[in-house]
Amino acid sequence: MTITNIHKDTKFDIHPLLKERWSPRTFSNIPVSETEIRSLLEAGRWAPSCNNFQPWRIIWGIKGSNTYERILNVLVEFNQSWAKNAPVLMLGAFKKTNPNGEENFHALHDLGAFSAMLTVQAQHLGIAVHQMAGLKFKDALTEFNFTEDYHVATALALGYYGGEKSDLPENLQKIESPKSERKLQREFAFNGNFSETEGVQRKKQPLN
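This structure is a prediction, so every number in the text was calculated from the model and none was measured.

**Considering the nonpolar core**
Core analysis: the largest hydrophobic core is formed by 28 residues, its most contacted members being Trp-82, Leu-89, Leu-91, Phe-146 and Val-152. Where this core is concerned, the elements lending two or more residues are helix 3 (66–73), helix 4 (77–83), strand 2 (88–95), strand 3 (127–132), helix 6 (137–143) and strand 4 (150–160). The residues contacting Leu-89, other than those within four sequence positions of it, are Ile-59, Trp-60, Gly-61, Tyr-68, Ile-71, Leu-72, Ala-83, Leu-156 and Ala-157. Counting residues in each nonpolar core, the second largest holds 21 residues, with Leu-41, Ala-113, Leu-118 and Leu-158 among its members.

**Here we look at the sheet that holds strand 3**
Pairing is antiparallel across the open sheet formed by 4 strands, whose spatial order is 1-2-4-3. Lying at the two open borders of the sheet, with one neighbouring strand each, are strand 1 (56–62) and strand 3. Neighbour-to-neighbour, the strand axes of the sheet open up by a mean angle of 25 degrees, direction not taken into account. Of the strand pairs in this sheet, strand 3 and strand 4 are connected by 6 bridges, and their pairing is antiparallel. Following the sheet pairing, Gln-131 is matched in strand 4 by Leu-156. Contacts between helix 3 and the sheet are confined to strand 1 and strand 2, with strand 1 contributing the most and set at about 115 degrees to the helix.

**So, the pattern of salt bridges**
With the rule as written, the count across this model stands at 5 salt bridges. Taking the shortest distance from any N to any O, the salt bridge between Lys-11 and Asp-9 comes out at 3.3 Å. Across the pair, Asp-9 and Lys-11 agree in class, each one exposed. The partner of Asp-149 in a salt bridge is Lys-95, and the shortest N-O contact between them spans 2.7 Å. One end of the pair, Asp-149, is in the loop between helix 6 and strand 4; the other, Lys-95, is in strand 2, and 54 residues separate them in sequence.

Calculation notes
Residues numbered from 1 in each chain as written. Predicted model: local features only at pLDDT ≥ 70, side-chain atom pairs only at ≥ 80, totals over all residues. Heavy atoms only, no water. Core = buried A, V, L, I, M, F, W, Y, C linked by side-chain atoms within 4.5 Å. Buried < 20%, exposed > 50% of the residue type's maximum accessible area, 1.4 Å probe, protein only. Helix = DSSP H or I, 4+ residues; strand = E, 2+ residues; numbered from the N terminus. Contact = heavy atoms within 4.5 Å. Pairing = 2+ DSSP bridges. Axes fitted to C-alpha atoms, helices over the stretch in contact; angles between N-to-C directions. Salt bridge = Lys/Arg side-chain N within 4 Å of Asp/Glu carboxyl O.

Spelled out as structure tokens, the structure:
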């Protein structure tokens, strides 16, 4: 069960796990156990992928461990300023080629599917996930012994919902909020050809 009590202004009915999820930069000091981490990774393990190649590779560490500090060190300074409070840090990488050595154009998409499945499982457990693009990916590649056939694409901070805004640098305290805007469906989903102006043209239709 989640403990967020967040209710987004969704235009259509969606599952409460999706409706209540958000990406905080503060976390409770309740530890996340290795068993819980394994549950999250198992959810990601069953994500769909192109030809079932499963190109994702995950590095994870619990706060206080050497791996955690190594992950923290390859984040950009901005993300280090708040992610250092997260009970768990992860890196998400993907293999750039398929088993035939050809470029796998879908690998980044598949890593995203892995992360989405992990995030829903985390929400079910009351664990927040904040995904980050801000990392020194070349440093991460070297630090964790990846070969050039891999790309370290993202980082994740995880922990139970909670914590105080005062845990954050002052500039982040002002923006820490579960409220966020989303584009309307008419701006990104098209029952026909794509058009930059289609969303405006369909503005008055009842389902948009």
